[in-house]
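Architecture at a glance
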Amino acid sequence: MFPQTYAYDHHYQSQDFEYFVVMDFEATCDKDRPPFPQEIIEFPSVIVSSATGQLEACFQTYVRPTCNRILTDFCKDLTGIQQVQVDRGVTLNEALLSHDQWLEKSGIKNTNFAVVTWSDWDCGVMLESECHYKNIQKPPYFNRWINLKVPFHEVFGMERCNLKQAVEKAGLAWEGRLHCGLDDAKNTARLLALIMQRGFKLSITNSLNAFPDWTPQKPLLVPSQHPQRHYGLPSSRVPCCYCGVKSGIEMITKPGPMHASMFFRCGNWTAATGSRCGYFDWASS
């Protein structure tokens, strides 16, 4: 634990949650194609008080991959995580248990708190897919979360951007190393505090109910036969997937809270093989 606070003299609007638990996983990766299955290698978490915006405590552990145990040079350069750190790390199951016990000891577990991430990837894709693949039971509080991209867009009205760009566009200086999970979580927490300071009331933006049919072996939904169709979006608005090509974009047709929402997925998709990589991001965020 590395307690740290950010002091603000502004009044914070009353929130529905007492605390926010901000997460930002780092996972195995490669330049051209992520390994299958992707595995979490850094498990960081920070606690933010909704009443004060203060970052109250931090948790971090390195996680040992069990399927693809050797980190690629690309992964080590991107995240700064070295082989010896994951070799000495814990399993994902142990990390989840340790984090759950930390929340309990911190007095947070039995309060009304919400998990916060930057994008839906951390809880909606990465953690869910690895737990599913390895048959790991995870705490239910990971099944719903606040994607901070959503309130950020509402407060600042800015176009699609990554976390570092969002922090800087909000007038904050980036602190720490980009793609260090703990530093990314801390910067997300600072952005969260600023959004609360602006008087925005946060609410859950997504849950696994929006991912009902997805498993690591098949696409989130069955895409159309036109994987490079972009529905008239400018090419500058279409991100690249992990394969390095322009991602495809699809619309959720299943009735429910996310009906008609559009999402980006792997551009290397065929009916025979499905997606080549596990890229996913909401097009509306």
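Residues numbered from 1 in each chain as written. Predicted model: local features only at pLDDT ≥ 70, side-chain atom pairs only at ≥ 80, totals over all residues. Heavy atoms only, no water.

The name given to the chain in an unreviewed UniProt entry is GRF-type domain-containing protein, and the organism recorded there is Rehmannia glutinosa.

Section: the overall build of the chain
Summing up its helical and strand segments, the chain has seven helices and twelve strands in all. In the chain, buried positions account for 53% of the 285 residues. For the chain, long-range pairs separated by at least 24 residues make up 67% of all intrachain contacts whose partners lie at least 6 apart in sequence. Looking at the chain as shown, the accessible area adds up to about 13200 Å², and 50% of this sits on carbon and sulfur atoms. (Helix = DSSP H or I, 4+ residues; strand = E, 2+ residues; numbered from the N terminus. Buried < 20%, exposed > 50% of the residue type's maximum accessible area, 1.4 Å probe, protein only. Contact = heavy atoms within 4.5 Å. Areas by Shrake-Rupley, 256 points an atom, 1.4 Å probe, with all protein chains shown as cover.)

Some points on the nonpolar core
Counting 33 residues, the largest nonpolar core has F43, L92 and F142 as its most contacted members. Elements supplying a minimum of two residues to this core: β1 (19–23), β3 (40–49), β4 (55–62), α3 (92–105), β5 (113–117), α4 (121–134) and β12 (280–282). The element best represented in this core is α4, accounting for six residues. Look past the residues within four positions of F142 in its chain and what remains in contact with it is M23, F43, L96, H99, V115, C123 and L127. Counting 31 residues, the second largest nonpolar core, distinct from the first, contains F20, V46, V116 and L163. (Core = buried A, V, L, I, M, F, W, Y, C linked by side-chain atoms within 4.5 Å.)

Details of the pattern of salt bridges
Following the criterion strictly, the structure yields eight salt bridges and no others. Linking D16 and K201 is a salt bridge whose minimum nitrogen-to-oxygen distance equals 3.2 Å. One end of the pair, D16, is in the segment before β1; the other, K201, is in the loop between α7 (181–197) and β7 (206–207), and 185 residues separate them in sequence. One salt bridge in this structure joins K138 and E128, with 3.3 Å as the shortest N-O distance. (Salt bridge = Lys/Arg side-chain N within 4 Å of Asp/Glu carboxyl O.)

A closer look at the side chain of S207
Along the chain, S207 turns up in strand β7. S207 gets classed as buried once you look at its relative accessible area, which sits at 18%. Residues contacting S207, with those up to four places away along its chain left out, are N143, R144 and W145.

Details of unusual backbone geometry
Trans peptide bonds make up most of the peptide bonds, and negative phi angles are found at most residues other than glycine. Backbone torsion omega between F36 and P37 reads -5 degrees, so that peptide bond is classified as cis. Secondary-structure assignment places P37 in the loop between β2 (26–27) and β3. Even without a glycine there, the phi angle at N135 is positive, about 55 degrees. Within the fold, N135 resides in the loop between α4 and β6 (144–147). A positive phi angle is found at H179, which is not glycine, with a value near 75 degrees. Topologically, H179 is positioned in the loop between α6 (163–169) and α7. Classification of H179 as partly exposed rests on a relative accessible area of 28%.

Observations regarding α4
End to end, α4 covers 18 Å across 14 residues, agreeing with the expected 20 Å (1.5 Å per residue, within 8%). Most pronounced at E128, the bend in α4 amounts to some 30 degrees. All of the buried residues along α4 are W121, D122, C123, G124, V125, M126, L127, S129, E130 and C131. For α4, the secondary structure elements touched by its buried residues are β2, β3, α3, β5, β6 and β12. Phi turns positive, to about 55 degrees, at N135, one or two residues after α4. (Expected span 1.5 Å × (residues − 1). Bend = angle between axes of the 7 residues up to and from the residue.)

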